[in-house]
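Notes for the structure review
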Amino acid sequence: MAVRLFAAVGTVVIGVLGVPPVVHAAPAPVPGIGPCATDPVPAHASLVPETLEVSVPYPVVTVDPGASRPGPVQRTTMMLPANPCTDPCPDLTDTPAPPPSLLRRLGLPDVLVSPKPFYFALPPGPSPHTGPPPPARQHPPIEPGPQSPVRAAPRIGRVSEVAKETGANSVNRTDKRWQVYGTDLGVSWESAPGEVAMAFGDTVGVGFHPPGGMGQDWRSNVLAFSRNRDLSHGAIFDRMVTDDRCHAAELLDSRKKDNIEITTIPTSGFAIGSRQYLSYMSIRTWTSAPGTFFTNYGGIAYSDDHGQTWTKDPYAHWDDIFGLANFQVAAMVPQGDYVYMFGTPNTRLGSVGLARVRRSQVLNTSAYQYWHEGSWTPVGGSASATPIVQGPAGELSVRYDAARNVWQMSYLDTAKGAIVLREANSPQGVWSESTPTVNVSLYPELYGGFIHPWSTGSDLYFTISTWSDYNVYLMRAQLEN
């Protein structure tokens, strides 16, 4: 996972060439977890790491056996102590810190050389398909999709850091409660009335050392749930999906073989009735070029037991063709009769395309219509989608603000070196010009920008990650009318 460093560093490298930074209020993190005042105030990690892990790839030729068949899934119910300051599993999480090395005593970072296999896979022989049959092919019509008048760019006042959501000394103490020491993203959606789910990317446990997700107990993704409406002190987690005592479970498995499938990363979530949906990207490999990575496909998974277990639909995916296909990184939003899918190619450099599908046909890719020059059409498939926002755009987050009847889009603009916000009166736009919310001048190695669904018309809450911290922070931007 070390090579992800270069993708995040690209934010700084490209950002310094863009517009002058927007100056915001200095971060003012909230100490402790709720009423617990014994935890120290979390501090952002230095850009000079305490431990630098250098991955050294070496080639391995293998026969690709294909994705593993799903086996039995272990889940457990965990009751947290009533006192939020109580460590529920000290035997698992209170590990003594190792003595400082000679390099650390000299004020230099430890350097760990980590050999990692880079696979070249030979295709397997043919195998019979034993899964469910594909859904019936649909033939949606071509329908008009005129754009709405352009809105003015959002006006943003004070931007502040609300709380550290994950890791040590966070408002959720995820290191002590669920062995989530380092993680990123924080993709959230309303999973039930009065409840929000928040999904995270690559997650590590004991032995975690930034920058990036270095350490042991690697899980490709984990999931938390929260019910607190007052976000002014952070999104407080009631529970996480667990598979053992004080251990957050991996939701969507991955092959964990670099250049075959290194990981699976959630990109958005939503609920229709009792079913939860999660869009995700299958990452083939992280690359050393700034802002880039290669996917196998962008897909959709679903859960019928309120997020405890998930199924990757075998047909609901958009394959990456020569690294150029759209909808590899998707943000999916149900609104009215449709679910709208905003998507970019792999990397953080592409433009934004748009598709829609009837709510009942989310898992049937033949039922999707793509927005193309003023029309909704199935003709040409995903390749026909006309950009609604020009790149560079990375890691989209899109929300429909029902109170204002306005669409909001947040993403990392690597040219501006900032998380930016746009607004529109319709999904296809015309979208406003972008306004920076958080800049790399305050948060170097910045990425993310996922909108919390309980944001209001005046308060935009969103999560960010930084590579040097490799944890998730909740931010608040005050929107001015």
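Keep in mind that what you see is a predicted model, and the values were worked out from it rather than measured.

1. So, the overall build of the protein chain
Of regular secondary structure, the protein chain possesses four helices and 26 strands. A compact globule built from 481 residues should have a C-alpha radius of gyration of about 23 Å, and the protein chain, at 22 Å, falls within 12% of that. Along the first, second and third principal axes, the C-alpha set of the protein chain runs to 65 × 60 × 45 Å. Of all 481 residues assigned to the protein chain, the portion counted as buried reaches 54%. Relative to all contacts within the protein chain whose residues are 6 or more apart in sequence, the contacts with residues 24 or more apart total 61%. Carbon and sulfur atoms provide 59% of the accessible area of the protein chain, an area that totals close to 20,000 Å². Computed over 34 positive and 41 negative side-chain charges, the separation of the two mean positions in the protein chain equals 2 Å.

2. Remarks on the sheet that holds strand E8 (residues 237-240)
Read from one edge to the other, the open sheet built from four strands follows the order E5-E6-E7-E8, with strand pairing classed as antiparallel. Each edge of the open sheet is held by one strand with a lone partner, namely strand E5 (185-192) and E8. Strand-to-strand twist across the sheet, computed as the mean angle between neighbouring axes with direction ignored, equals 30°. Pairing of E5 with strand E6 (residues 195-200), which is carried by six bridges, proceeds in the antiparallel orientation. Across the sheet, residue Ser188 finds its bridge partner in E6, namely Met198.

3. Quick notes on the sheet that holds strand E24 (residues 446-451)
Ordered in space as E4-E26-E25-E24, the four strands form an open sheet in which the pairing is antiparallel. Among the strands making up the open sheet, the edge pair consists of strand E4 (155-164) and E24. Going from strand to strand, the sheet's axes swing by 30° on average, the running direction of each strand aside.

4. Points about the nonpolar core
One broad rule of soluble globular proteins: the nonpolar side chains tend to lie buried together. Counting 30 residues, the largest nonpolar core has Ile283, Val438, Leu446, Leu460, Phe462, Ile464 and Met475 as its most contacted members. Within the residue set of this core, elements represented by two or more residues are E4, E5, strand E12 (275-286), strand E22 (418-424), E24, strand E25 (459-466) and strand E26 (472-480).

5. Points about the pairing of strand E15 (residues 329-335)
Taking burial as the measure, the seven residues of E15 include five buried ones, the bulk of the element. If you look at the hairpin formed by E15 and strand E16 (residues 338-344), you'll find two residues sitting between the two strands, and Gly336 has a positive phi there, around 65°.

6. Topic: the pattern of salt bridges
Counted according to the given criterion, the structure contains 20 salt bridges. A salt bridge links Glu195 to Arg239, with the nearest nitrogen and oxygen atoms 3.4 Å apart. On the criterion of sequence distance, the pair formed by Glu195 in strand E6 and Arg239 in strand E8 is long-range, its members being 44 residues apart. Residue class for Glu195 comes out buried when judged on its relative accessible area of 3%. A relative accessible area of 28% means that Arg239 is categorised as partly exposed.

7. Topic: the packing of aromatic side chains
Following the criterion strictly, the structure yields 15 aromatic pairs and no others. With centroids separated by 5.9 Å and ring planes inclined at 80°, the aromatic side chains of Tyr280 and Tyr297 adopt a geometry described as edge-to-face. One end of the pair, Tyr280, is in strand E12; the other, Tyr297, is in strand E13 (residues 293-303), and 17 residues separate them in sequence. For the pair formed by Tyr280 and Tyr297, the shared burial category is buried. Members of the aromatic cluster, each reached through a chain of ring pairs, are Tyr338, Tyr340, Phe342, Trp376, Tyr400, Trp407 and Trp431. The cationic tip of Lys256 hangs over the ring face of Trp218; the distance from NZ or CZ to the ring centre is 5.5 Å.

8. Concerning the state of the cysteines
A full pass over the atoms with the stated rule returns one disulfide. Sulfur-sulfur distance for the disulfide between Cys89 and Cys246 comes to 1.9 Å. Sign of the S-S torsion, about 75° for the bond between Cys89 and Cys246, identifies this disulfide as right-handed. One end of the pair, Cys89, is in the loop between strand E1 (51-63) and helix H2 (90-93); the other, Cys246, is in the loop between strand E9 (242-244) and strand E10 (247-248), and 157 residues separate them in sequence. Assigned by exposure class, Cys89 and Cys246 land together as buried.

9. Here we look at the side chain of Thr263
Within the secondary structure, Thr263 is located in strand E11 (residues 263-272). Among the polar contacts listed, one links the side chain of Thr263 to the side chain of Asp202, at a separation of 2.6 Å. There is a polar contact of 2.8 Å between the side chain of Thr263 and the side chain of Ser220. Each residue touching Thr263, except ones within four places of it in the same chain, is listed here: Asp202, Trp218, Ser220, Ser254, Met281, Ser282, Ile283 and Trp286.

10. What to know about unusual backbone geometry
The omega torsion across Pro210 and Pro211 is 10°, close enough to zero to call that bond cis. Tracing the chain through its elements places Pro211 in the loop between E6 and strand E7 (222-226). For the bond from Gly429 to Val430, the omega torsion is 20°, close enough to zero to count as cis. With respect to the element layout, Val430 can be found in the loop between E22 and strand E23 (435-439). You will see that Asp217, though not glycine, has its phi angle at about 60°, which is positive. Structurally, Asp217 can be placed in the loop between E6 and E7.

Analysis parameters
- Residues numbered from 1 in each chain as written.
- Predicted model: local features only at pLDDT ≥ 70, side-chain atom pairs only at ≥ 80, totals over all residues.
- Heavy atoms only, no water.
- Helix = DSSP H or I, 4+ residues; strand = E, 2+ residues; numbered from the N terminus.
- Rg over C-alpha atoms; globule rule 2.2 N^0.38 Å.
- Buried < 20%, exposed > 50% of the residue type's maximum accessible area, 1.4 Å probe, protein only.
- Contact = heavy atoms within 4.5 Å.
- Areas by Shrake-Rupley, 256 points an atom, 1.4 Å probe, with all protein chains shown as cover.
- Lys, Arg positive; Asp, Glu negative; His and termini not counted.
- Charge placed at Lys NZ, Arg CZ, Asp CG, Glu CD.
- Pairing = 2+ DSSP bridges.
- Axes fitted to C-alpha atoms, helices over the stretch in contact; angles between N-to-C directions.
- Core = buried A, V, L, I, M, F, W, Y, C linked by side-chain atoms within 4.5 Å.
- Salt bridge = Lys/Arg side-chain N within 4 Å of Asp/Glu carboxyl O.
- Phe/Tyr/Trp six-rings, centres within 6.5 Å; stacked < 30°, edge-to-face > 60°.
- Lys NZ or Arg CZ within 6 Å of the ring centre and 35° of its normal.
- Disulfide = S-S within 2.5 Å.
- Polar contact = N/O pair within 3.5 Å; in protein donor to acceptor, adjacent residues only side chain to side chain.

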